[in-house]
Amino acid sequence: MKRFFRYVIFSFLIFNCFSNFYAQEDLKLWYKSPARDWMTEALPIGNGKIGAMIFGGVHKERLTLNEKSLWEGGRGDFSAYNSGIIEGGYKHLNEIRSLISEAKYDEALTLGNRYLVGDNSGYGAYQVFADLILEFNTFGKRVKNYKRSLDLETAIHTVEYQLNNTKYTRKVFASYPNNVIVMEIKAEGDDKLNFKLKLDSPISTKSYRKSLGLGKSSYKVKSGRAISIISESNDNWGKLTLNGKLLNNGMEYQGVVYLKSEGGEIGADSISKKQGKKSLVVKNAKSVLIIFTAATDYLPKYPNYKGNNFIEKNRVAIDNSINKKYEELEKIHLSDYQKLFKRVSINISNNKKFNNSCTTEERLKNFNKTEDLSLIDLVYQYGRYLLISSSREGALPANLQGMWNNSTAPPWSCDYHTNINLQMNYWAAEVSALGECHKALLDYIPTLVEPGKRSAKAYFNSRGWVVHTMNNPFGFTAPGWDVRWGFFPAGAAWLSQHLYQHYLFSKDINFLKNSAWPVMKESSLFWLDYLQENENGVLVSSPSFSPEHGKFCDGSSMDHQIAYEIFSSCIEASEILEIEPEFKKELEIAKEKIAKPRIGSWGQLQEWLNDWDNPNDKHRHVSHLYALFPSNSINNLKLKEAAKTSLNARGDSGTGWSIAWKINFWARLKDGNRAYKLIKSLMNWTNQKTVSMNFGGGLYSNLLDAHPPFQIDGNFGFVSGVNEMLIQSHLDNIEILPSLPKSWKNGEVKGLRARGGAICDIFWKNGKLTRLKISSIIGGRYSIVYKNCVKSIYLKANESLILEDF
Ligand code: FUC
């Protein structure tokens, strides 16, 4: 141990440290032309429930709208829908286990694919809501000074341009407190606003779409919608109401657009001769305020998932908003949004401004040449922006595309994949001071327990609950319909870990007792029953499938690591809560018997109990390193070396999320330069939209991450990776700048959270920590680590301390 820190300033009051409102310049994405493509160019806004991708067209504006619960699937037309469960699978479990123990893996797979699979009818898919279209009568006029931008500081999207002597401005944001999307359009100059507004909904008649097509049984399901659009108008206001019903499952929904104009008049018009008056026409207005809201009848309640009073909710949202001026609505929105967003500022670039005349797309395209570090700041804050926009309390969690979707048959149903993707969406939430956004997931997890218990009984005759590779908002907890990608009972315990992590960051004991413990306990019960003792007295998972990779076998390391982790968390929680000592004892005994991580013949960390790893294998899933990240049990030198060997063999390519995961791994291995290398490959401009399973990654021009296609986990996993490079608190300490790359010479990050309720502001120069401000929300002892220095400090609740000269 070298030098101790020198204390400079002692405790000052919380007002100072928790009003941490950090302002940061240049947090804008901007472009010189309208978006031509939804996936790669349009820009997202959202409030967790409703959202839009904005194109920013001059003569025709288009907002592709979403409401996060608009899903086909579940009950309804499929009255037989049973959370995907096919009953009776457990009767074949022993036979499958015996075949596996005799190494008859192919035979086991045949039986597994017959009895341990789920029913895909009723799985459904997330549905696009509608397009809001504005057609201006300006066609043919020459456009000058066009700019569209998304300001991350305000979450406001702006389009500006000039036609002749008139300047047009459109501002759009999604307000969480008012549950509306607000758009203000202004014309300043000689001309006024003249446009037609309509809602374009996909297919309003019965149709069919193909199912996921991932499994063996590609089949057709009823799709389409019954829709009616009503228009109302008076002199200076107008309203369009879209009432819809999904023909697939009878889900009812409604969207309302309300318009108010200053000057001019508003009337109703027909879209086509046949259709009647279904659009609104604005004539000669100086400015127009547009308010949109939407809701469905979905409720996250097993087994019917219905009952939301959506019409009343829409009425309240519209009524609460239409009598307010734009400025007032903006103020309410900003105070909500900035409370979350401004908690963290990051300045890896040390204020080195990049040439501001470059658009975001140009900066991205040049990133690998210029090493424009301020773009890392931007992509980092964009990830936080995307989480605030797609994940708020009271709504479903962020799905594979956050909440943005322009299709009725999106990739992977735009669902909740629980063998990496959903969890990765939330890796950054706590450290990046967005615990409130985590709540959407934390409230969702318990809704899976009841159907998940039925799945555990049906397939394994066991206690506890399971969720496998993926699920939908209708409690789909069965395995997928092909064991080779769909079998992964560890999804539930992995999700439960998010509840425990929320406790570790917040130290909210009531949350631990009432929300986390019951779910965690059920996850442990499953693993107590599921693990099989082998001839050496070791507990092994059987059958098991390392996510989407290898054989249907026994002993995938990831299962063991997840079981070990949930047992450990339950043991700790029972100590903290002082409950269930007998259960704790049972877990302690079992935990010690679980198969431990093994090092194989070429020095790798084994993915399975058997030494099957192939050094040339580049598979995107790196599941056997779960214990390195997000878990924390790969700590000793030998295991770390083995993890490195495995990672080096897998290489640095992969899909978007796979590259993001590797940033986190290398950060945990304290190799900042390698983590940065992966950041560079994640921040590589791409426009590839078709699915690629092994290689890909990159960012589109709108900075959304490419699996490809667009999948938001890469954006969130990136934020987590940067966090892990700057601060780690997964062991009983807070380690500052554990993985700083050489080229991030000078910089600062403020507001990052560490476990134990700590907030850290970190400053560095010439690659060395120069200043650390640590504040505590709840008070406690913290062990601070920087390189070889270790210092134990005690802070009262709401106290701060500044440490300098390390
Ligand atoms: C998992 C991954 C795929 C994709 C899908 C949504 O199955 O293996 O790469 O991300 O989820």
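Quick note: structure is the one above.
(A) Local environment of the site of the ligand. Around the ligand, the neighbouring residues are Leu400, Trp412, His417, Asn419, Asn421, Glu548, Arg620, His621, Trp657, Met693, His707 and Gln711. Coverage of the ligand by the protein chains reaches 99% of its 290 Å² of free accessible surface.

(B) Molecular detail of the side chain of asparagine 405. Positionally, asparagine 405 belongs in the loop between α7 (373-390) and β21 (416-417). For asparagine 405, the side chain forms a polar contact with the main-chain oxygen of tyrosine 126, separated by 3.0 Å. There is a polar contact of 2.9 Å between the side chain of asparagine 405 and the backbone nitrogen of serine 407. The residues touching asparagine 405, leaving out its near neighbours within four places in the chain, are Trp38, Thr64, Asn66, Tyr126, Gln127, Val128 and Pro410.

(C) Seen up close, the layout of surface pockets. Roughly 710 Å³ of internal volume is contained in the largest pocket. Lining the largest pocket are 30 residues, with Leu504, Glu572, His730, Leu731 and Asp732 sitting closest to its centre. Put simply, the parts of the chain that give the lining of the largest pocket at least two residues each are α12 (491-506), α14 (557-577) and β30 (780-786). By residue number, the principal contributor to the lining of the largest pocket is α14, which donates six residues. By residue class, the composition of the lining of the largest pocket is nine nonpolar, 14 polar and seven charged. Volume-wise, the second largest pocket comes out at about 570 Å³. If you trace the second largest pocket, you find 27 residues lining it, with Lys49, Asn308, Lys313, Gly394 and Ala395 closest to the centre. Every element with two or more residues in the lining of the second largest pocket is listed here: β19 (287-296), α4 (310-322) and α9 (435-444). Residue contributions to the lining of the second largest pocket peak at four residues, all from α4. Residues of the lining of the second largest pocket, tallied by class, amount to 14 nonpolar, eight polar and five charged.

(D) Summary view of the packing of aromatic side chains. For the structure shown, the criterion picks out 41 aromatic pairs. With a centroid separation of 5.3 Å and 90 degrees between ring planes, the pair formed by tyrosine 105 and tryptophan 612 is classed as edge-to-face. Placement of tyrosine 105 in helix α3 (residues 105-115) and of tryptophan 612 in the loop between α15 (581-593) and α16 (637-650) is noted, with a sequence separation of 507 residues between them. A centroid spacing of 6.2 Å and a plane angle of 10 degrees characterise the contact between tyrosine 298 and tyrosine 305, whose relative ring orientation is stacked. Given the relative accessible area of 7%, tyrosine 298 is considered buried. Overall, the relative accessible area of 4% leaves tyrosine 305 in the buried class. Three or more aromatic residues link up through ring pairs in this structure, and these residues are Tyr459, Phe460, Phe487, Phe526, Trp527, Tyr530, Phe545 and Phe552. The cationic tip of arginine 392 hangs over the ring face of tyrosine 176; the distance from NZ or CZ to the ring centre is 3.8 Å. The ring centre of phenylalanine 583 lies 5.1 Å from the NZ or CZ of lysine 521, which sits over that ring.

(E) Inspection of the pairing of strand β3 (residues 43-46) at higher detail. Burial along β3 is two-sided: Leu43 and Ile45 and Pro44 and Gly46, pointing in opposite directions, are all buried. Where β3 folds back onto strand β4 (residues 50-54) in an antiparallel hairpin, the turn is made up of three residues, including glycine 48, whose phi is positive at roughly 90 degrees.

(F) Representation of the packing of helix α13 (residues 509-530) against α14 within the structure. In the contact formed by α13 and α14, the axes pass within 9 Å of each other and the chain directions differ by 140 degrees. Considering the angle they form, α13 stands oblique to α14. In this structure, the crossing between α13 and α14 has a hand that is left-handed. Taking contact as the criterion, the partners of Ile509, Leu512, Lys513, Trp517, Met520, Lys521, Ser523, Ser524, Trp527 and Leu528 in α13 are, on α14, Asp559, Ala563, Ile566, Phe567, Ser569, Cys570, Ala573, Ser574, Ile576 and Leu577.

(G) The pairing of strand β31 (residues 789-795), seen in detail. Only one face of β31 is covered, namely the one carrying Cys789, Lys791, Ile793 and Leu795; the face carrying Val790, Ser792 and Tyr794 has none of its residues buried. Here seven bridges tie β30 to β31, and the two strands are oriented antiparallel to one another. When the bridges of β31 are listed, tyrosine 782 appears paired with isoleucine 793. The antiparallel hairpin formed by β30 and β31 contains two residues in its connecting segment, where lysine 787 sits at a positive phi of about 50 degrees.

(H) Just empty space enclosed by the protein, in detail. Inspection of every chain in the model, using the stated rule, returns six cavities of 30 Å³ or more. Size it by volume and the largest cavity reaches roughly 260 Å³. Lining the largest cavity are 20 residues; nearest its centre among them are Trp427, His498, Gln501, Pro630 and Arg755. Those elements that place two or more of their residues in the lining of the largest cavity are α12 and α19 (713-726). Here the lining of the largest cavity takes five residues from α12, the largest share from any one element. Of the residues in the lining of the largest cavity, the class split is nine nonpolar, six polar and five charged.

Procedures and definitions
- Residues numbered from 1 in each chain as written.
- Predicted model: local features only at pLDDT ≥ 70, side-chain atom pairs only at ≥ 80, totals over all residues.
- Heavy atoms only, no water.
- Near = heavy atom within 4 Å.
- Areas by Shrake-Rupley, 256 points an atom, 1.4 Å probe, with all protein chains shown as cover.
- Helix = DSSP H or I, 4+ residues; strand = E, 2+ residues; numbered from the N terminus.
- Polar contact = N/O pair within 3.5 Å; in protein donor to acceptor, adjacent residues only side chain to side chain.
- Contact = heavy atoms within 4.5 Å.
- 1 Å grid on protein atoms, 1.4 Å probe; cavity = no way out; pocket = protein on both sides within 12 Å on 5 of 7 lines; lining within 4 Å.
- Points joined across faces, edges and corners; volume = space filled by probe spheres on them.
- Nonpolar A, V, L, I, M, F, W, Y, C, P; charged D, E, K, R; others polar.
- Phe/Tyr/Trp six-rings, centres within 6.5 Å; stacked < 30°, edge-to-face > 60°.
- Buried < 20%, exposed > 50% of the residue type's maximum accessible area, 1.4 Å probe, protein only.
- Lys NZ or Arg CZ within 6 Å of the ring centre and 35° of its normal.
- Pairing = 2+ DSSP bridges.
- Axes fitted to C-alpha atoms, helices over the stretch in contact; angles between N-to-C directions.
- Parallel < 35°, antiparallel > 145°, perpendicular 65-115°, else oblique.
- Left-handed = near helix turned anticlockwise from the far one by under 90°.

So yeah, pure geometry; function would need other evidence.
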